[in-house]
Amino acid sequence: MDDELEKLFGTKKIPFRELLKRTSTYLRTQRWRFVVALFLLLLNVGINIVLPILTAQITNILKTGIDLTLIIFIVVGYFVLTLINEGFLYLESMVLQKAGQEIVYNLRMEIFTHIENMSIHQLNIMPVGSLVTRVANYTQNMSQLFTDILITLLKNILTVIAVFSVMIYYSPMLSLIMLGVVVVVFVVSYFARGILTKLFRKERSLYSDMNTFLSENISGMKIIQIFNQQRRKEKEFKKKSKGIKDTGYKIIIVFALYRPFINLLYYVSIGLCFYFGVRFNLDAGGIVAFYLLLSRFFNPIEQIADQLNHIQRATTAGERIYNLLDVEPTVVDEKDAIEINEFKGKIEFKNVWFAYNAEDWILKDVSFVVEPKQTVAFVGATGSGKTTILNLIVRNFEVQKGTILIDDIDIKHIKIESLRKAIGQMLQDVFLFSGDIKTNVSLYDEKYSDEEIKAALEYVQADTFVNKLPDGLHSEVIERGENFSQGQRQLLNFARTILVKPQILILDEATANIDTETEVLIQESLHKMRNIGTMLIVAHRLSTIQNADNIIVINKGEIIESGKHQKLLKNKGYYYKLYQIQFNKNN
């Protein structure tokens, strides 16, 4: 479990070699584009090596005497090679951008699809802001890795090798002296990378934490303002923001020391080049060529230093992305799971035990049978396990002990999509998406016509307010449906459920927190819905379930009594006490 939590929060460390191995799997999908880019890269490196040699030839010609024709020929050749080189750079950039964007698109889709398939309890643990950051921000960091960093890193390595080979050709001894400088550069880079890896990992974690904080507090801004919590929240945000600022400042300090040191070594190498070039009797062209090659030798190293920032950001982002992708959903289809096109509606719990945490049992040895077309209600105190029963039926969670059957088939043997398609769920908290009424009822499924959607709205009496809107079905719905009342949102949710023609209906406190007028409409809708199929209801208002075929009373995870309304009242048990409390309260 601890391992899963580390993956969920993105704190599990992945070895750099494994990161490279996993990243390479995405490169393979665009291998031909990368092969073309590599070919162009080799041509580019070759031309960059030839240009200093041409300059050295011009220097030697000028020293021996002016041969204008030869100089013009070399200059024109230099100019043509430069143009060709820039053309190769353009083509290389275009090929890499296309490959990189394609890879990141696929990666982004893979992450989103993975999130969709994660189990409910995993999504409950994960902060929304952290998930948004991984889909949006971290994939962008990975985009830089594919479109720029990797190929540039390879280009710089090849350039260093090629340049050093030419330098050895001009002067093996001077090249060995330069090699000593390079060793110092790589040693310093190694230690800098170690420091930066830790800092970037911390920075990513802090950014994710801040995004989570923002997501949560912007969503809950109404409560913050009602209870005058703005100052406290400002202090909390200031603390998180300061953590990011301090970490960023440390990163800046590392680069502020690292880059000037690399530049210092470059200028030292230039001095050594001229000094030992003369001592080793190199001609003027050789010294000029060596000087120009030095710039091509240290420029890649400096670029690696500049890109160290991006490399570390990308690897840290990759680590957090792969952590998420490594989280295995806990509720999945069995290999031989079956597709069910239609359910009769019989539901049976056999000795079901369930706990969210270890053996802190929420349900204890629960058994009951719901016959097809029956309406069964669950009542009990808050936390008794009523909603948990409904969650288990649609496999939001898996039971630890016992069996749940629908039509005498263990629900674990039924494909999750098939199971949930047949079960219509109406919850207390209704979520409406930005768009319009039509898209919220149909959920963008184009197979439903306007007439079918209107019929569903009329069936649940949502047409009583939709028809009064200027744009009818096409009336705007803002985020979370905040431009509609709680009751109106619930009626739209009912219509959404009715539209898909479910064989089993689940209502979890669907009539809570709504006005009396809307409750009357909903009660009339519920009465008609009983003809659709099996209906399971969780309600605190006992007046809404008096006509149920069976009422199951739950207390502390156990069924303590069951029967019809009048029978339970005659028994004068727990249900009777609940009814008396509500009746006296209403009076």
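Refer to the structure above for everything that follows.
So, here's what we can say about the structure. Note that the structure is a prediction, hence the values are computed from the model and not measured.

Focus on the overall build of the protein chain
For step 1, the next point in the chain: When you go through the protein chain residue by residue, the secondary structure sums to 19 helices and twelve strands.
For step 2, the next point in the chain: Counting only C-alpha atoms and orienting by the principal axes, one finds that the protein chain spans roughly 120 × 55 × 50 Å.
For step 3, the next point in the chain: Looking at the protein chain as a whole, 45% of its 587 residues are labelled buried.
For step 4, the next point in the chain: Intrachain contacts of the protein chain at a sequence separation of at least 6 include 78% that bridge at least 24 residues.
For step 5, the next point in the chain: Only carbon and sulfur atoms are counted for the fraction: they give 58% of the accessible area of the protein chain, which is about 30,800 Å².
For step 6, the next point in the chain: Mean positive and mean negative side-chain charge positions of the protein chain (66 and 61 charges, respectively) differ by 6 Å.

Considerations on the sheet that holds strand β2 (residues 361-370)
For step 1, the next point in the chain: Read across the open sheet, the four strands follow the order β2-β1-β4-β5; overall the sheet is antiparallel. Looking at which strands have only one partner, the edges of the open sheet turn out to be β2 and β5 (409-410).
For step 2, the next point in the chain: One ladder, built from two bridges, connects strand β4 (residues 401-406) with β5; its direction is antiparallel. When the bridges of β5 are listed, I406 appears paired with I409.
For step 3, the next point in the chain: The sheet strands contacting helix α11 (residues 386-393) are β1 (347-355), β2 and β4, and the helix crosses β1 at an angle near 115°.

Looking at helix α14 (residues 450-459)
For step 1, the next point in the chain: Every buried residue of α14 is accounted for by I453, A456 and L457. The buried residues of α14 all sit within an arc of 100° when viewed along its axis, so they share a single face. Along α14, the residues that are exposed and aim more than 90 degrees away from the buried face are E451 and E458.
For step 2, the next point in the chain: Buried residues along α14 sit in contact with α13 (437-442), α15 (463-466) and α16 (486-499).
For step 3, the next point in the chain: Q461 sits one or two positions beyond α14 and adopts a positive phi of about 65°.

Looking at the sheet that holds strand β12 (residues 558-563)
For step 1, the next point in the chain: The strand order across the open sheet formed by six strands is β6-β9-β10-β3-β11-β12, and the pairing between neighbours is mixed. Because the sheet does not close on itself, it has two edges, and the strands there are β6 (423-427) and β12. If you compare each strand with its neighbour and ignore which way they point, the axes differ by 15° on average.
For step 2, the next point in the chain: Across five bridges, strand β9 (residues 504-508) lies against strand β10 (residues 534-538) in parallel orientation. In the strand pairing of β10, D508 is matched with V538.
For step 3, the next point in the chain: Each of β6 and β9 touches α16; the most contacted strand, β6, lies at about 175° to it.

Focus: the packing of aromatic side chains
Ring pairs (aromatic) are described by centroid distance and by the angle formed between their planes.
For step 1, the next point in the chain: Scanning the entire structure with this criterion turns up 16 aromatic pairs.
For step 2, the next point in the chain: Ring centres of F368 and F378 lie 5.4 Å apart, and the angle between their planes is 65°; this geometry places the pair in the edge-to-face category. Highlighted residues: F368 in strand β2 and F378 in strand β3 (residues 375-379), separated in sequence by ten residues.
For step 3, the next point in the chain: F368 gets classed as buried once you look at its relative accessible area, which sits at 8%.

Notes on the pairing of strand β11 (residues 550-555)
For step 1, the next point in the chain: Across the six residues that make up β11, a large majority, five, are buried.
For step 2, the next point in the chain: Here β3 runs beside β11; their pairing, made up of four bridges, is parallel. Among the inter-strand pairings, F378 is bridged to a residue of β11, identified as I552.
For step 3, the next point in the chain: When β11 meets β12, the two strands line up antiparallel, connected through five bridges. Counterpart to I554 in the pairing with β12 is I559.
For step 4, the next point in the chain: The turn joining β11 and β12, which pair antiparallel and follow one another in sequence, is formed by two residues; a positive phi near 55° is taken by K556.

With respect to the pattern of salt bridges
For step 1, the next point in the chain: Scanning the model with the defined rule gives eleven salt bridges in all.
For step 2, the next point in the chain: The shortest N-O distance in the salt bridge between D209 and K240 comes to 2.9 Å. One end of the pair, D209, is in helix α7 (residues 172-219); the other, K240, is in helix α9 (residues 230-279), with 31 residues separating them in the sequence.
For step 3, the next point in the chain: Taken together, the shared-partner salt bridges connect R232, K233 and E236 into one network.

Details of the pairing of β2
Every other side chain in a regular strand lies on the same face of the sheet, so the side chains alternate between the two faces.
For step 1, the next point in the chain: Relative to β2, β1 runs antiparallel, the two being bridged by six bridges. Note that in β2 the partner of A355 across the bridge is W361.
For step 2, the next point in the chain: The hairpin formed by β1 and β2 contains five residues between the paired strands, and A358 there has a positive phi angle of roughly 45°.

Here's the deal with the side chain of N396
For step 1, the next point in the chain: Summarising the element assignment, N396 is placed in the loop between α11 and β4.
For step 2, the next point in the chain: Excluding anything up to four places from it in sequence, N396 contacts I120, V331, N391 and R420.

A few points about unusual backbone geometry
For step 1, the next point in the chain: Positive phi, normally seen in glycine, also occurs at Y444, with a value near 65°.
For step 2, the next point in the chain: Among the secondary structure elements, Y444 is positioned in the loop between α13 and α14.
For step 3, the next point in the chain: With phi around 55°, K572 is a residue other than glycine that occupies positive phi space.
For step 4, the next point in the chain: Residue position: K572 is located in the loop between α18 (565-571) and α19 (574-586).
For step 5, the next point in the chain: Since its relative accessible area comes to 56%, K572 is described here as exposed.

Let's talk about a nonpolar patch on the surface
For step 1, the next point in the chain: Side chains of M173, L176, L179, V183, V187, Y190, F191 and F280 sit close together on the surface and give an oily, nonpolar patch of about 810 Å² of accessible area.
For step 2, the next point in the chain: Along the chain, F280 falls in the loop between α9 and α10 (284-325).

Re the environment of F280
For step 1, the next point in the chain: When its relative accessible area of 32% is taken as the criterion, F280 is described as partly exposed.
For step 2, the next point in the chain: Sequence separation between F280 and M173 is 107 residues, and the spatial gap between their C-alpha atoms is 8.1 Å.
For step 3, the next point in the chain: Residue contacts for F280: discarding those within four places in its chain leaves S171, M173, L174 and I177.

Observations regarding α11
For step 1, the next point in the chain: Burial within α11 is extensive, with seven of its eight residues counted as buried.
For step 2, the next point in the chain: Inspection of α11 places K386, T388, I389, L390, N391, L392 and I393 among the buried residues, and these make up the whole buried set.
For step 3, the next point in the chain: A positive backbone phi angle near 60° is found at R395, which sits one or two residues after α11.

Quick word on the packing of α7 against α9
For step 1, the next point in the chain: Interaxial distance between α7 and α9 falls to 10 Å at its minimum, and their mutual angle equals 170°. Between α7 and α9, the interaxial angle falls into the category roughly antiparallel. You can see that α7 and α9 cross each other, and the crossing is left-handed.
For step 2, the next point in the chain: Split into classes, the residues belonging to the contact of α7 with α9 amount to 29 nonpolar, seven polar and seven charged.

Some words on a negative patch on the surface
For step 1, the next point in the chain: Judged by side-chain charge, D333, E334, D336 and E417 come together as a negatively charged surface patch.
For step 2, the next point in the chain: In this structure D336 comes out as exposed when scored by relative accessible area, which is 59%.

Definitions and cut-offs
- Residues numbered from 1 in each chain as written.
- Predicted model: local features only at pLDDT ≥ 70, side-chain atom pairs only at ≥ 80, totals over all residues.
- Heavy atoms only, no water.
- Helix = DSSP H or I, 4+ residues; strand = E, 2+ residues; numbered from the N terminus.
- Buried < 20%, exposed > 50% of the residue type's maximum accessible area, 1.4 Å probe, protein only.
- Contact = heavy atoms within 4.5 Å.
- Areas by Shrake-Rupley, 256 points an atom, 1.4 Å probe, with all protein chains shown as cover.
- Lys, Arg positive; Asp, Glu negative; His and termini not counted.
- Charge placed at Lys NZ, Arg CZ, Asp CG, Glu CD.
- Pairing = 2+ DSSP bridges.
- Axes fitted to C-alpha atoms, helices over the stretch in contact; angles between N-to-C directions.
- Arc of directions from axis to C-beta.
- Phe/Tyr/Trp six-rings, centres within 6.5 Å; stacked < 30°, edge-to-face > 60°.
- Salt bridge = Lys/Arg side-chain N within 4 Å of Asp/Glu carboxyl O.
- Patch = residues over 30% accessible without salt bridge, like charges linked within 9 Å, V, L, I, M, F, W, Y side chains within 5 Å.
- Parallel < 35°, antiparallel > 145°, perpendicular 65-115°, else oblique.
- Left-handed = near helix turned anticlockwise from the far one by under 90°.
- Nonpolar A, V, L, I, M, F, W, Y, C, P; charged D, E, K, R; others polar.

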